[in-house]
Amino acid sequence: MAISVTEAAASRVQKFLENRGKGVGLRLGVRTSGCSGMAYILEFVDELNEEDQVFEQLGVKIIIDPKSLAYMDGTELDFAKEGLNEGFKFNNPNVKSECGCGESFNV
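Procedures and definitions
Residues numbered from 1 in each chain as written. Predicted model: local features only at pLDDT ≥ 70, side-chain atom pairs only at ≥ 80, totals over all residues. Heavy atoms only, no water. UniProt positions renumbered as here; feature names shortened; annotations may be inferred. Salt bridge = Lys/Arg side-chain N within 4 Å of Asp/Glu carboxyl O. Helix = DSSP H or I, 4+ residues; strand = E, 2+ residues; numbered from the N terminus. Buried < 20%, exposed > 50% of the residue type's maximum accessible area, 1.4 Å probe, protein only.

- An unreviewed UniProt entry annotates the protein as Iron-binding protein IscA of Aliivibrio fischeri.
- In UniProt, the protein has this text filed under Cofactor (unreviewed entry): "Fe cation".

Below, the structure is given as structure tokens:
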């Protein structure tokens, strides 16, 4: 089981953590939401939980709980800038469908 990070995403996470002035990494997860069933969550982590899985790549720690990892195994976190829009993108091989607005997915 693994989560990977592109150079663009790693750079952006490092910049956010530096600006924030604290934090050990970025938590990825999923929650029930939207019309397709699940939505991604991103949040900074100041303290690790006992059950957390930690993936370190390109100097960045990605933290994920075991339940979310079951839905996100093999996911690549990327950061993209398209025109005036920019944000993190999840390249998740487990996704079977997504809603039209791109806010939720189904595995």
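**A word on the pattern of salt bridges**
Reasoning step 1: With the rule as written, the count across this model stands at seven salt bridges.
Reasoning step 2: With a shortest N-O distance of 2.9 Å, E86 and R12 are connected by a salt bridge. Separated by 74 residues along the polypeptide, E86 in strand β7 (residues 85-91) and R12 in helix α1 (residues 7-20) bring together distant segments of the chain.
Reasoning step 3: According to the relative accessible area criterion, E86 is partly exposed, its value standing at 43%.
Reasoning step 4: As a salt-bridge pair, D46 and R20 come within 2.8 Å of each other at their nearest N and O atoms. In this pair, D46 is assigned in the loop between β3 (37-45) and β4 (53-57) and R20 in helix α1, connecting sequence segments 26 residues apart.
Reasoning step 5: With relative accessibility at 36%, the residue D46 sits in the partly exposed group.
Reasoning step 6: Classification of R20 by relative accessible area gives partly exposed; the value is 32%.
Reasoning step 7: Salt bridges sharing common partners tie together R12, K81 and E86.

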